[in-house]
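Coordinate inspection notes
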Amino acid sequence: MLSNQVKQDIISKFKKSDNDTGSSQVQIAILNERIKQVSEHLKNNPKDKHSRVGLLKMVGRRKTFLNYLKRKDKQAYYKMSQKNK
């Protein structure tokens, strides 16, 4: 689970305007951070099947957001792919 401070830092880094908390870029960035945390958890707890299922769902949701962003705004998609590497 992301702490409020980490989430606010991610939002401030990827937001498009002052009131932006739910754009595709912000949601992708938050999902990336959650995926990193769950991946680290699974390295230490390989038998945790419930977390693995949750991780796969998050990866699928991130892929859906990336496909949407690629379709709607190619420049933003390429910026997100560069920032996430």
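Residues numbered from 1 in each chain as written. Predicted model: local features only at pLDDT ≥ 70, side-chain atom pairs only at ≥ 80, totals over all residues. Heavy atoms only, no water.

1. Regarding the confidence of the model for the chain
When pLDDT is averaged across the chain, the result is 92; 98% of the residues are at 70 or more. Summarising per-element confidence for the chain, the mean pLDDT is lowest in helix H4 (residues 74-83) (87) and highest in helix H3 (residues 49-72) (96). (pLDDT = per-residue confidence, 0-100. Helix = DSSP H or I, 4+ residues; strand = E, 2+ residues; numbered from the N terminus.)

2. Structural notes on the nonpolar core
Ranked by internal contacts, the top residues of the largest apolar core, which has 19 residues, are Phe 14, Ile 30 and Leu 69. Listing elements by their share of this core, those giving two or more residues are helix H1 (4-14), helix H2 (24-44), H3 and H4. Element by element, the count of residues in this core is highest for H2, at 8 residues. Here Leu 69 is in contact with Ser 24, Gln 25, Ile 28, Lys 74, Ala 76, Tyr 77 and Met 80, once residues within four sequence places are set aside. (Core = buried A, V, L, I, M, F, W, Y, C linked by side-chain atoms within 4.5 Å. Buried < 20%, exposed > 50% of the residue type's maximum accessible area, 1.4 Å probe, protein only. Contact = heavy atoms within 4.5 Å.)

3. Let's talk about the packing of aromatic side chains
In the structure shown here, the tally under the stated rule is 1 aromatic pair. Centre to centre, the rings of Tyr 77 and Tyr 78 are 5.4 Å apart; their planes meet at 70 degrees, and the pair counts as edge-to-face. We classify Tyr 77 as buried; its relative accessible area is 19%. (Phe/Tyr/Trp six-rings, centres within 6.5 Å; stacked < 30°, edge-to-face > 60°.)

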